[in-house]
Amino acid sequence: MLKIGDKMPEFEVVDQDGNVVSSKDFIGKKTIVYFYPKDNTPGCTAEACNLRDNYEALKAQGYNVVGVSKDSAASHRKFIDKFDLPFTLLSDKSTQMLQDFGAWGEKKMCGKTCVGTLRRTFIFNEEGVLERVIEKVDTKDHAAQILG
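The structure presented is a predicted model; accordingly, all values stated were derived computationally and were not measured.

Reading the values: rules and limits
- Residues numbered from 1 in each chain as written.
- Predicted model: local features only at pLDDT ≥ 70, side-chain atom pairs only at ≥ 80, totals over all residues.
- Heavy atoms only, no water.
- Helix = DSSP H or I, 4+ residues; strand = E, 2+ residues; numbered from the N terminus.
- Rg over C-alpha atoms; globule rule 2.2 N^0.38 Å.
- Buried < 20%, exposed > 50% of the residue type's maximum accessible area, 1.4 Å probe, protein only.
- Core = buried A, V, L, I, M, F, W, Y, C linked by side-chain atoms within 4.5 Å.
- Contact = heavy atoms within 4.5 Å.
- Expected span 1.5 Å × (residues − 1).
- Phe/Tyr/Trp six-rings, centres within 6.5 Å; stacked < 30°, edge-to-face > 60°.
- Lys NZ or Arg CZ within 6 Å of the ring centre and 35° of its normal.
- Pairing = 2+ DSSP bridges.
- Right-handed = clockwise from strand over helix to strand, strands pointing away.
- Salt bridge = Lys/Arg side-chain N within 4 Å of Asp/Glu carboxyl O.

S.K.: Help me understand the overall build of the chain in this model?
M.R.: Counting its secondary structure elements, the chain contains 5 helices and 9 strands. Its helices and strands in sequence order give the chain the pattern β-β-β-α-α-β-α-β-α-β-β-β-β-α, from N to C terminus. At 14 Å, the chain has a C-alpha radius of gyration in line with the 15 Å of a compact globule built from 148 residues. For the chain, the C-alpha atoms occupy an extent of roughly 40 × 30 × 30 Å along the three principal directions. In the chain, buried positions account for 47% of the 148 residues.

Dropping the structure here:
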């Protein structure tokens, strides 16, 4: 997993509209990169809607918000439209970006161990240097964790 002071890993993936987005696009902006397991699931929807509801406060602090999962661009577009999300969602179908950030690994679900997306948030400064990691995400109040 990335450590404080690490540079943002290089990546090139597509957004909800199929546009290619790379790590270079975030240099010059304070960026919140949050990883979540799946569009339209209860926890992921609560997290996205909490970030949506606090988006203006995040923007006022100079943050750019980006969500990432291995869902398709089309799934992301539907998720954005359904919940009126004002930020970009990136599709990492290969899981390479998830792995490079340290957001892919073993987790427990329903008492079983499986491999999948780890719900984690990484906060980078304008130079693309990691300033903070949130490993225990409160899906219902995630913006407060970021702003607090």
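Next comes the rest of the description.
S.K.: Is there a simple way to explain the nonpolar core in this structure?
M.R.: Buried together is how nonpolar side chains tend to be arranged in soluble globular proteins. Counting 22 residues, the largest nonpolar core has Tyr34, Leu51, Val65, Leu85, Phe87, Leu89 and Ile146 as the members making the most contacts within it. Counting residues per element, the ones that place at least two in this core are strand E3 (30-35), helix H1 (42-53), helix H2 (55-60), strand E4 (63-69), helix H3 (73-83) and helix H5 (142-147). With 4 residues, the single largest contributor to this core is H1. Excluding residues that lie within four positions of it along the chain, Leu85 makes contacts with Ala48, Cys49, Arg52, Phe79 and Ile80.

S.K.: Would you take a moment to explain the environment of Ser23 for this structure?
M.R.: Within the secondary structure, Ser23 is located in the loop between strand E2 (20-22) and E3. For the pair formed by Ser23 and Val13, sequence separation is 10 residues and the distance between their alpha carbons is 9.1 Å. Apart from residues no more than four positions distant in its own chain, Ser23 is found in contact with Met8, Pro9, Glu10 and Phe11.

S.K.: Just checking my understanding: could you explain H1 for this structure?
M.R.: The periodicity of an α-helix, 3.6 residues per turn, causes residues three or four places apart in sequence to face the same way. Taking 1.5 Å as the rise per residue, H1 with 12 residues should run 16 Å; its terminal C-alpha atoms sit 16 Å apart, in good agreement. Within H1 the residues assigned to the buried category are Cys44, Thr45, Glu47, Ala48, Cys49, Asn50 and Leu51.

S.K.: I keep staring at the packing of aromatic side chains and nothing clicks. Help me out?
M.R.: Two numbers describe a pair of aromatic rings. These are the distance of the centres and the angle of the planes. What the rule picks out here adds up to 11 aromatic pairs. Measuring from centroid to centroid gives 5.0 Å for Phe35 and Phe101, while their planes differ by 55°, and the two rings are tilted. Of this pair, Phe35 sits in strand E3 while Phe101 sits in helix H4 (residues 96-101), and the two are 66 residues apart along the sequence. In this structure, Phe35 and Phe101 share a single accessibility class: buried. One cation-aromatic arrangement involves Lys30 over Tyr63; the distance from NZ or CZ to the ring centre is 4.6 Å.

S.K.: What should I look at first to understand the pairing of E4 in this one?
M.R.: For a regular strand, the rule is simple: side chains alternate between the two faces of the sheet. Among the 7 residues that make up E4, 6 are buried, leaving the element largely enclosed by the rest of the structure. In this structure, E3 lies alongside E4, joined through 6 bridges in parallel fashion. The partner of Phe35 across the bridge, within E4, is Val68. Two elements, E4 and strand E5 (residues 88-91), share 4 bridges in a ladder whose sense is parallel. From the neighbouring strand, Gly67 faces E5, where its bridge partner is Leu89. With H3 bridging E4 and its parallel neighbour E5, the resulting β-α-β unit is right-handed.

S.K.: Got a minute to help me understand the pattern of salt bridges in this structure?
M.R.: A side chain with one charge can pair with a side chain of the opposite charge if their charged atoms come near. What the rule picks out here adds up to 7 salt bridges. Asp71 is paired through a salt bridge with Lys38; the nearest N and O atoms lie 3.4 Å apart. Here Asp71 is found in the loop between E4 and H3, whereas its partner Lys38 is found in the loop between E3 and H1, with 33 residues between them in sequence. Judged by its relative accessible area of 9%, Asp71 is buried. Residue classification places Lys38 among the partly exposed positions, given a relative accessible area of 45%. Between Glu56 and Lys59 there is a salt bridge whose closest N-O contact spans 3.8 Å. Highlighted residues: Glu56 and Lys59, both in helix H2, separated by 3 residues, approximately one helical turn. Exposure remark for Glu56: the relative accessible area of 55% places this residue in the exposed category. Taken together, the shared-partner salt bridges in this structure form one network comprising Asp17, Arg77 and Asp81.

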